[in-house]
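Residue-level structure breakdown
These are the residues of each chain, in order.
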Amino acid sequence: LGKMYKKEFTEIDRSAKAGVGELTNMIFGVVKTNLNKNGFGFKMAIPNVIIGTQHAVAMTNPGTTLVVPFQTDSGSFTVLLTLYPDQMAKPVKIPA
C-alpha cells in the first residue's frame, strides 16, 4: 500500500483503510473483467474489507468461497471471493 501511495504508513488510520478499500476494488475489478471475458456474467459488487489479526469470518449464505493468498515483498494478505448462486448473473456465451 505504501508503494502504491508513495508514502509510509505507520498505523491503520483512515487513509490506510481507504487505500486498502481501493486496492480491494482494483483486485475485484480485474477478476470480474477477466471472468466475464470468459463467459461469466458477474455484476458489480462492493467488496468488504476486514482489517486486523486473530479474527474469524463466518459465511452465513450458501455460497462457494474461493480463498486466494497473496505474498508480496511488503507482506501477505488473503482475498476471499464468495459466489452466491442466487445473486450471480447467468453465464453468457461469447461469440467465437
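Look a little higher up for the structure.
Residues numbered from 1 in each chain as written. Predicted model: local features only at pLDDT ≥ 70, side-chain atom pairs only at ≥ 80, totals over all residues. Heavy atoms only, no water.

Here we look at the pairing of strand β1 (residues 64-72)
Summarising the sheet, β1 and strand β2 (residues 75-83) pair through nine bridges and their orientation is antiparallel. Paired with valine 68 across the bridge in β2 is valine 79. Connecting β1 to the antiparallel partner β2 that follows it, the hairpin turn spans two residues. (Pairing = 2+ DSSP bridges. Helix = DSSP H or I, 4+ residues; strand = E, 2+ residues; numbered from the N terminus.)

Focus on the packing of aromatic side chains
For the structure on display, the rule yields one aromatic pair. A ring pair is formed by phenylalanine 70 and phenylalanine 77, whose centres lie 4.8 Å apart and whose planes are at 5°; its orientation type is stacked. A residue is classified by how much of its surface remains accessible, and phenylalanine 70, at 31% relative accessible area, is partly exposed. (Phe/Tyr/Trp six-rings, centres within 6.5 Å; stacked < 30°, edge-to-face > 60°. Buried < 20%, exposed > 50% of the residue type's maximum accessible area, 1.4 Å probe, protein only.)

Notes on a nonpolar patch on the surface
Together, Ile50, Val57, Val67 and Leu80 line one region of the surface with nonpolar side chains, adding up to about 350 Å² of accessible area. Within the fold, valine 67 resides in strand β1. (Patch = residues over 30% accessible without salt bridge, like charges linked within 9 Å, V, L, I, M, F, W, Y side chains within 5 Å. Areas by Shrake-Rupley, 256 points an atom, 1.4 Å probe, with all protein chains shown as cover. Salt bridge = Lys/Arg side-chain N within 4 Å of Asp/Glu carboxyl O.)

Re the layout of surface pockets
Space inside the largest pocket adds up to approximately 1,800 Å³. If you go around the largest pocket, you meet 46 residues; those closest to its centre are Thr24, Asn48, Thr78, Val79 and Leu80. When contributions to the lining of the largest pocket are tallied by element, the ones reaching two or more residues are α1 (2-5), α2 (14-37), β1 and β2. Grouping the constituent residues of the lining of the largest pocket by class yields 29 nonpolar, twelve polar and five charged. (1 Å grid on protein atoms, 1.4 Å probe; cavity = no way out; pocket = protein on both sides within 12 Å on 5 of 7 lines; lining within 4 Å. Points joined across faces, edges and corners; volume = space filled by probe spheres on them. Nonpolar A, V, L, I, M, F, W, Y, C, P; charged D, E, K, R; others polar.)

The values reported here are purely geometric and, on their own, carry no functional implication.
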